[in-house]
Amino acid sequence: MLFTLRSKSVFCETSRYVLLYNLLFADTLLLALSQLMYILAVCRIRLTYPVCGVFAMLTSLTNVISPLTLVVMSLERYVSVCYPLRHATIITIRNTGVAICIVWTFSLLNILIRVCLLLNFAFEDLQSLQMTDSCSDIAMILSPLSDLYDKAYTCFVFILASVAITCSYVGVMVAARSASTDKASAQKARNTLLLHLVQLGLSLLSTMHTSIVISLSKILQRLVIVRIKNVFYVFIFILPRCLCSLIYGLRDQTIRPALMYHLCGQLKLSCPSKGCDPSNNSE
């Protein structure tokens, strides 16, 4: 999917696809990091605190990118429906790049605060920097202040993203009733925003994963917590990221023929020219 979004100039010159590429790039990094940490946990490989800290911070960074990018994508759809004449001047590639930089900067600031809180922990009191448990983002919450900050930041992102996407959806609904609005475009934007809301809910579940597991660990046995973490890993981390590529790859009329073309080429299948040649169905 990432290769497809860089295979044609239309994908590199349209803000919607640039934002989608940023979303998929962050999700791909998150899947790779979480898969690596999962394999290390299954193999019972114990890391040192500094190494685990790097993995945990990178995971937290990419995990927050998704809901923030969905907010920007929702605002882009809102502008395209409610301000169609100004869309080309507001939603430019330059402005999109600025928005993506703000998203990454905001996420990096969160990681910087987490690192500062982590450095305040008295590591010198430990007998060894070797961890006694598997590496995870939960294992790197070493102080009550870090736990409090994680909950506060998660709540802030949840409220910010929910309000932004909900307001965009309401704005599109109101614009859809206007006689001057393109009904088909408004309907498509409304469906897209509904998908964003579903994606947001799944993404925020992964953001709240740490707080949920910590709360459950106080009342449940360790074996039960391990099984719950495995279920969460599949349905909260892997499934939403795979659904994102599947939804956009099959739903978008511009991406679908290009994606099918590259899939057919990779699998060496003899696909019909209409289904595999992106030039036949591209818009």
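In case you missed it, the structure is sitting above this.
Predicted, not measured: the structure shown is a model, and the values here were computed from it.

How each quantity is defined
Residues numbered from 1 in each chain as written. Predicted model: local features only at pLDDT ≥ 70, side-chain atom pairs only at ≥ 80, totals over all residues. Heavy atoms only, no water. Helix = DSSP H or I, 4+ residues; strand = E, 2+ residues; numbered from the N terminus. Expected span 1.5 Å × (residues − 1). Buried < 20%, exposed > 50% of the residue type's maximum accessible area, 1.4 Å probe, protein only. Salt bridge = Lys/Arg side-chain N within 4 Å of Asp/Glu carboxyl O. Patch = residues over 30% accessible without salt bridge, like charges linked within 9 Å, V, L, I, M, F, W, Y side chains within 5 Å. Areas by Shrake-Rupley, 256 points an atom, 1.4 Å probe, with all protein chains shown as cover. Core = buried A, V, L, I, M, F, W, Y, C linked by side-chain atoms within 4.5 Å. Contact = heavy atoms within 4.5 Å. Phe/Tyr/Trp six-rings, centres within 6.5 Å; stacked < 30°, edge-to-face > 60°. Lys NZ or Arg CZ within 6 Å of the ring centre and 35° of its normal.

Visitor: I keep staring at helix α3 (residues 49-82) and nothing clicks. Help me out?
Guide: Since one α-helical turn is 3.6 residues long, residues separated by three or four positions face the same way. Helix length check: α3 (34 residues) gives 50 Å between terminal C-alpha atoms against 50 Å at 1.5 Å per residue, within 8%. Where burial is concerned, most of α3 is hidden: 26 out of the 34 residues are buried.

Visitor: Mind showing me how you'd approach the pattern of salt bridges here?
Guide: Pairs may arise between side chains of opposite charge once their charged atoms sit close together. Summed over the entire model, instances satisfying the criterion amount to three salt bridges. The partner of R77 in a salt bridge is E76, and the shortest N-O contact between them spans 2.8 Å. Just as R77 is buried, E76 falls in that class too. R114 is the salt-bridge partner of D150, the closest N and O atoms lying 2.9 Å from each other. With D150 in helix α6 (residues 144-176) and R114 in helix α5 (residues 93-119), the pair connects residues that are 36 residues apart, well separated along the chain. The class for D150 is buried, based on a relative accessible area of 5%.

Visitor: I keep staring at a nonpolar patch on the surface and nothing clicks. Help me out?
Guide: Where nonpolar side chains cluster on the molecular surface, the patch consists of V231, V234, F235, L239 and L243 and spans about 400 Å² of accessible area. Within the element layout of this structure, V234 appears in helix α9 (residues 222-251).

Visitor: Even after reading the chapter, I still don't get the nonpolar core, so can you show me in this structure?
Guide: Inside soluble globular proteins, nonpolar side chains tend to come together where they are buried. Of all hydrophobic cores here, the largest spans 44 residues; its most connected members are L5, L20, M140 and I255. Those elements that provide at least two residues to this core are α2 (15-42), α3, α5, α6 and α10 (255-267). The element contributing the most residues to this core is α3, with 12 residues. Dropping the residues within four chain positions of it, L5 is found in contact with F11, C12, Y17, L20, Y21, L24 and I255. Residues I141, I214, Y233 and F237 belong to the second largest nonpolar core, which totals 11 residues.

Visitor: Would you explain the packing of aromatic side chains in this entry?
Guide: In this description, an aromatic ring pair is defined by two values, namely the gap between the centres and the angle between the planes. According to the stated counting rule, one finds seven aromatic pairs in the structure shown. When the centroid spacing of 6.5 Å and the interplanar angle of 50° are considered together, the rings of F25 and W104 count as tilted. With F25 in helix α2 and W104 in helix α5, this residue pair connects regions lying 79 residues apart in the sequence. Note on F25: relative accessible area 33%, which makes it partly exposed. Over the face of the ring belonging to Y21 we find R6, whose NZ or CZ atom lies 3.9 Å from the ring centre.

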